[in-house]
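Here's the letter readout for the chains.
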Amino acid sequence: MFNKVPQYFHNRFRENEAQLHELSYLFWECTQRCNLKCLHCGSDCSSGFQTEDMPFDDFLQAIIPLQKRFKPNSITVVMTGGEPLLRNDLPQCGRTLREHGFRWGIVTNGYAYHHDIHARLLSAGMGAITLSLDGFEETHNWLRSNHHSFQNALQTLDLIVSSPRLCSDVVTCVHSKNISELPRFRDFLISRKVKSWRLFTIAPIGRAANNEPLQLSDQQLRQLMDFIAQSRLKAPIDIKFSCEAYVREYEKRVRDSYFFCRAGINIASVLIDGSVSACPNINRCFVQGNIYRDQFLDVWENRFEVMRNRNWTRTGICLKCSDYKNCNGGAMHLWNEKQDGIMNCICNRIRRPNNTKELKD
Amino acid sequence: MKSTIGEKRLKIRRAIFGTLSFSAALFVFQACYGTLEDAGIDVSIRGLVTSKTTSLPIPGVKVSIEDQPQYEITDEEGKFHIYTSNDSICNLRFKDIDSTQNGKFLPKDTVLKIVNHDVDLTISLDVQ
């Protein structure tokens, strides 16, 4: 009962947000080039040539009209890729965004980050950064397919935590090979003065689509939920599960708020080829327009119906699900062009008790 | 950026539903694979560095902030623009680093009291 009332109002809040659809979070897939070849990459990026980097001015001209509709300082532009640090003009892009009132940040694997680029990004008004760190050296390097990636990421981490101005966090993709080291890794992050840690599972998309060892078993999923819930009670670090799924009885125990996929509601993206969508890992069949053909603001204001009204997701496993009203079809990136059912229902998988063993501290 | 009546109604409902759901984090969020929203407040410092003797702008001066990694080099017009954290006091350091290319100037430290988020200043350096 005590959970049902706030969950009810949260569902009303979610419906209301879809009607308001205020843009506050804008991804820019500024490059598809990458300096790593991670086993789980949802974008399937690599060091090889794919699509050329988008000229910054093309992106800027597309988003300038947003200033008429929204306060630009209420919008955070998140530069992602590929690896955004491979763009030499990254500090200048960020500085120009700030001069137009937007806030900005980057998601990085930390491989090419160093003291000088850190200083230049801070000077240019970077306010947020997320670093991927997937466990201790052996595990991280395995997932990133690079022997030096952990050491480089660790140096990046030290630079980030030394700058209190930055809104920063570490993200870890949890899989069957690193789940047992999470308690030790949590303590390690605390010792490195990390304030915020976000844990993901690996969606079966992109390069991870056919890599079975990257997927957690149902029992491991419950272990992960229990680990996060218990750590939140005692550990001096803001640890949370990402917003990738509704997690039934673990809602609000593994993150601060109830599950809410804001793709297309508060989140948009401009992808490498100019496509306008929501989060970059969403299937490209959901693209809503293109900045080279359409006015970005017009696309945001008048399209995205498929993400703002998700009644169509009531199909497949969701059709008769008693949790649907709370889940609303889950995360958009777990739907494909067939639209005949969610690819991976974490909620359903944690439903079955499996005599879950806790992760040992 | 004016809200319509419909928008105002939705914003009121947002506040009500958000409060009743007891989710403090509803208004600050992050996308699955994105960063935290940048809700931090920082300070933009723009400036011009000139010669005390000639009043001409000085390019190639390193402008840094004590105890922070960021720095900028003044451009051809002697201008710089740097962002820094919103501290009440900021110690700015000016150091001529391009040898004698544009003359040689003595370093200078300046303590700024931060009273708003956009600071404009002109700094004059003594010739060495």
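Residues numbered from 1 in each chain as written. Chains lettered and ligands numbered in written order. Predicted model: local features only at pLDDT ≥ 70, side-chain atom pairs only at ≥ 80, totals over all residues. Heavy atoms only, no water.

Asks: Help me understand the pairing of strand E7 (residues 118–125) of chain B in this model?
Replies: Successive side chains on a regular strand alternate, one facing one side of the sheet and the next facing the other. All names here are of chain B. Side chains Val119, Leu121, Ile123 and Leu125 project from E7 onto a buried face, and the interleaved Asp118, Asp120, Thr122 and Ser124 project onto a face without burial. Two strands pair when backbone bridges link them, and strand E1 (residues 42–51) and E7 are joined in this way by 8 bridges, in the parallel orientation. Directly across from Ile45, in E7, lies its bridge partner Val119. (Buried < 20%, exposed > 50% of the residue type's maximum accessible area, 1.4 Å probe, protein only. Helix = DSSP H or I, 4+ residues; strand = E, 2+ residues; numbered from the N terminus. Pairing = 2+ DSSP bridges.)

Asks: What is the right way to read the interface of chain B and chain A from this model?
Replies: Accessible area lost upon the coming together of the parts serves often as the stated size of an interface. In this complex, chain B contributes 38 residues to the contact, which on the side of chain A involves 62 residues. Here chain B meets chain A over a buried area of about 4,500 Å², counting both sides, of which 56% is carbon and sulfur. The largest contributions to the chain B side of the interface with chain A come from Cys32(B), Tyr33(B) and Asp38(B), which together make up 17% of the buried area. Our count for the chain B to chain A interface comes out at 9 salt bridges. (Contact = heavy atoms within 4.5 Å. Buried area = accessible area lost by both parts, 1.4 Å probe. Salt bridge = Lys/Arg side-chain N within 4 Å of Asp/Glu carboxyl O.)

Asks: Sorry if this is basic, but what is going on with the state of the cysteines here?
Replies: Each disulfide is one covalent bond, formed between the sulfur atoms of two cysteines. With the rule as written, the count across this model stands at 0 disulfides over all chains. Lacking any disulfide linkage, Cys321(A) is separated from the closest cysteine sulfur, that of Cys347(A), by 5.2 Å. (Disulfide = S-S within 2.5 Å.)

Asks: Which parts of the structure should I look at to understand the sheet that holds strand E5 (residues 167–174) of chain A?
Replies: As a general point, the strands of a sheet are linked pairwise by backbone hydrogen bonds and lie either parallel or antiparallel. Residue and element names in this part refer to chain A. Pairing within the open sheet is mixed, and its 10 strands lie in the order E7-E6-E5-E4-E3-E2-E1-E8-E9-E10. The strands lining the two open edges of the sheet, one partner per strand, are strand E7 (238–241) and strand E10 (289–290). With 5 bridges joining them, E5 and strand E6 (residues 196–201) adopt parallel strand pairing. The residue bridging Cys173 from the neighbouring strand is Phe200, located in E6. Running at roughly 150° to E6, helix H8 (residues 182–191) makes contact with E5 and E6 of the sheet. (Axes fitted to C-alpha atoms, helices over the stretch in contact; angles between N-to-C directions.)

Asks: Whenever I open this one, the sheet that holds strand E6 (residues 108–113) of chain B confuses me. Can you help?
Replies: All names here are of chain B. In space, the 4 strands of this open sheet follow the order E3-E2-E5-E6, with antiparallel pairing throughout. Edge positions in the open sheet fall to strand E3 (71–73) and E6, since each of these has one partner strand only. Neighbour-to-neighbour, the strand axes of this sheet turn through a mean angle of 20°, independent of strand direction. Here 6 bridges tie strand E5 (residues 89–96) to E6, and the two strands are oriented antiparallel to one another.

Asks: What am I meant to see in the confidence of the model for chain B here?
Replies: Low-pLDDT stretches of the model should not have their predicted coordinates read in fine detail. The share of residues in chain B with pLDDT of 70 or more is 95%, and the mean pLDDT across the chain is 88. For this predicted complex, the interface confidence reaches an ipTM of 0.87, while the overall pTM sits at 0.92. (pLDDT = per-residue confidence, 0-100.)

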